[in-house]
Amino acid sequence: MSEVKSYISTNRQRFLDELLEFLKIPSVSADSKFKNDVLRGAGFLEKALQNAGVDLVEVCPTKGHPIVYAEKIIDGELPTVLVYGHYDVQPPDPYELWDSPPFEPVIKDERIFARGSCDDKGQLYMHIKALEILNQQGPLPCNIKFILEGEEEVGSANLERFVKENAARLSSDVILISDTAIISNESPSITVGLRGLSYVEVEVTGPDRDLHSGVYGGAVANPINILCKMVASLIDGDGRITIPGFYDKVQELTAEAREKLAEAPFDPEEYKASIGIRETQGEKGYSTIERTGIRPTLDVNGIWGGYTGEGAKTVLPSKAYAKISMRLVPDQDDQEITRLFTEHFISIAPKSVGVKVTPHHGGKPAVTPTDSLAYKAASKAFEQAWGKTPIPTRDGGSIPIVALFDEVLKVNTVLMGFGLDTDAIHSPNESYGVFNYLKGIETIVLFHHQFASLKK
Ligand code: BES
Ligand code: MN
Ligand code: MN
């Protein structure tokens, strides 16, 4: 057994216990009642980084939740790896659908159940344990810096400023992020693309107050009926988004690139069974992998209005609302898409209602190179730890900071995530495999060695 493996197996229980402690902190960034818990999350990391042997760690206040910065500098001549992760988590709601409470982590069937176990506290903590191992083995093969934020799940509003103001301090040769998924434990993969995001909220207003649906129904526009019709018109029968200009900047992949994507193992029956659906759907002419990886989308995330309480209330509502997300691909620009959506949505509203569109956070899509030294190092690390060459994949989720790092720091990112799509991130009963956690730590240690030696 390698030295790394034996260290991990000797310290397995402690590595798990420490993560469980971290997962007990309800660091929900979206809800201000958890503000102090998010701060506690940052404090936990500060100590954990110190224990792992960094030279310097700072909890940097922002207008929102703090950013934790740390570094272990061995030698200015050595390459530097900047690790990014987020210690905030999605709200756990609905609580009643959890089999065990979201912030009382348990290990069951070799899986860690808790909010944040995979996204991203579990994956972030692997990097701190990897540092501990590297440190224990002798001098680090490279310099390591950490930037850990507490606002990823709410749009990273204060990160851009921090990165710009601290660009020199954050200088590095590669950015390493574990916040994505692999295809399966049998088919490890490296994410080489993430989608961008435009997120808007719409409000449709009819009469100036809720009305009796018998007295007025039939003559007065019902904003919920109208909103549904408007939303339905945004996607045509071929699964194409109808907003004028929406596809103008979408990069079409070459036949060769599409063939390459299709090489990734994918079982449609298993896919359907894993989420309880009978049939997949989407844009005509594209496979499921393409629909979630290289094509843009439009989805309603929530829709409400009128009476939703118990029993029946006959009411013609004054207002209707929806939250709509659009996932974007290169070279779509989130701000431009938000503008195109807004113009179009207002233009299709009948005169009988008023429409308001409010943008939420967004982010740019990102593609990372497969011919960089850093990618090669990650690939070799996977080969060593998993015995298989990882497959490059394009993920459907978004990590807006990747495009920002590219733009501001001019540094490439390697997305070396270890989650599985079935880990139920953002859902009730989120979990993370003990195998993935421990194997991830091993792979990260190997990455640092590989990267440092390739850079020589
Ligand atoms: N880690 C996820 C993104 C992700 C998940 C990428 C799975 C690839 C595979 C991240 O924490 C996330 O949830 N991002 C948000 C966007 C953000 C701006 C709120 C998302 O994708 O909805
Ligand atoms: Mn994440
Ligand atoms: Mn997330």
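Everything below is about the structure printed above this text.
Here goes a summary of the coordinates provided. Sequence order as written defines the numbering, with residues in each chain counted from 1. Here the convention is simple: chains get letters from A, ligands get numbers from 1, in the order in which they are written. Predicted model: local features are reported for residues with pLDDT of at least 70 only, side-chain atom pairs are reported and counted for 80 or more only, and whole-chain, interface and lining totals are derived from all residues. The side-chain figures draw on all heavy atoms in the structure; neither hydrogens nor water molecules are used.

Quick word on the overall build of the protein
So, point 1. Along its length, the protein carries 13 helices and 18 strands.
So, point 2. In terms of overall size, the protein behaves like a compact globule, its C-alpha atoms giving a radius of gyration of 23 Å where 456 residues would be expected to give roughly 23 Å.
So, point 3. The dimensions of the protein, computed from C-alpha atoms along their principal axes, are 80 × 50 × 45 Å.
So, point 4. Accessibility here uses a 1.4 Å probe with only protein chains present; expressed as a share of the type maximum, an area under 20% marks a residue as buried, one over 50% as exposed, and anything in between as partly exposed. When the 456 residues of the protein are sorted by exposure, 53% land in the buried category.
So, point 5. Throughout, a contact is declared for two residues whenever any of their heavy atoms are within 4.5 Å. For the protein, the proportion of contacts with a sequence separation of at least 24, taken over those separated by at least 6, is 80%. The numbering of helices and of strands both runs from the N terminus, where a helix is a DSSP run of H or I of at least 4 residues and a strand a run of E of at least 2. The globule rule used for comparison is 2.2 Å times the number of residues to the exponent 0.38, while the radius of gyration itself is calculated over C-alpha atoms.

Notes on the packing of aromatic side chains
Aromatic ring pairs: the centre-centre distance and the angle between the two ring planes describe each pair.
So, point 1. Here a pair means two rings of Phe, Tyr or Trp (six-membered ring of Trp) with centres within 6.5 Å. Their orientation is stacked below 30 degrees between planes, edge-to-face above 60, and tilted elsewhere. Tallying each qualifying case throughout the model produces 14 aromatic pairs.
So, point 2. Relative to Tyr247, the ring of Phe246 lies with its centre 5.3 Å away and its plane at 75°, an arrangement referred to as edge-to-face. Of the two residues, Phe246 and Tyr247, both sit in the buried class.
So, point 3. Considering the side-chain rings of Phe266 and Tyr271, the 5.2 Å spacing of their centres and the 55° angle between planes classify their relative orientation as tilted.
So, point 4. Given a relative accessible area of 35%, Phe266 falls into the partly exposed group.

Digging into the layout of surface pockets
So, point 1. Points on a 1 Å grid over protein atoms alone make up a cavity when a 1.4 Å probe fits among them but cannot get out, and a pocket when they form an open set with protein on both sides within 12 Å along at least five of seven lines; lining residues each have an atom within 4 Å of a point. Grid points are joined across faces, edges and corners, and a volume is the space filled by probe spheres set on the points. Taken as a whole, the second largest pocket encloses approximately 420 Å³ of empty space.
So, point 2. Along the wall of the second largest pocket there are 16 residues; nearest its centre are Val192, Ala257, Leu261, Thr370 and Arg394.
So, point 3. Listed by contribution, the elements that provide at least two residues to the lining of the second largest pocket are helix H7 (255-262) and strand S16 (391-394).

Quick word on the side chain of Glu71
So, point 1. Secondary-structure assignment places Glu71 in strand S2 (residues 67-72).
So, point 2. All tallies of charge rest on Lys and Arg as positive and Asp and Glu as negative; His and the ends of each chain are not included. Here, a salt bridge means any Lys or Arg side-chain nitrogen found within 4 Å of an Asp or Glu carboxyl oxygen. One buried charged residue, Glu71, remains without a salt bridge, the closest side chain of opposite sign being Arg169 at 5.0 Å.
So, point 3. Those residues in contact with Glu71, other than ones at most four positions away along the chain, are Val54, Asp55, Leu56, Ile144 and Lys145.

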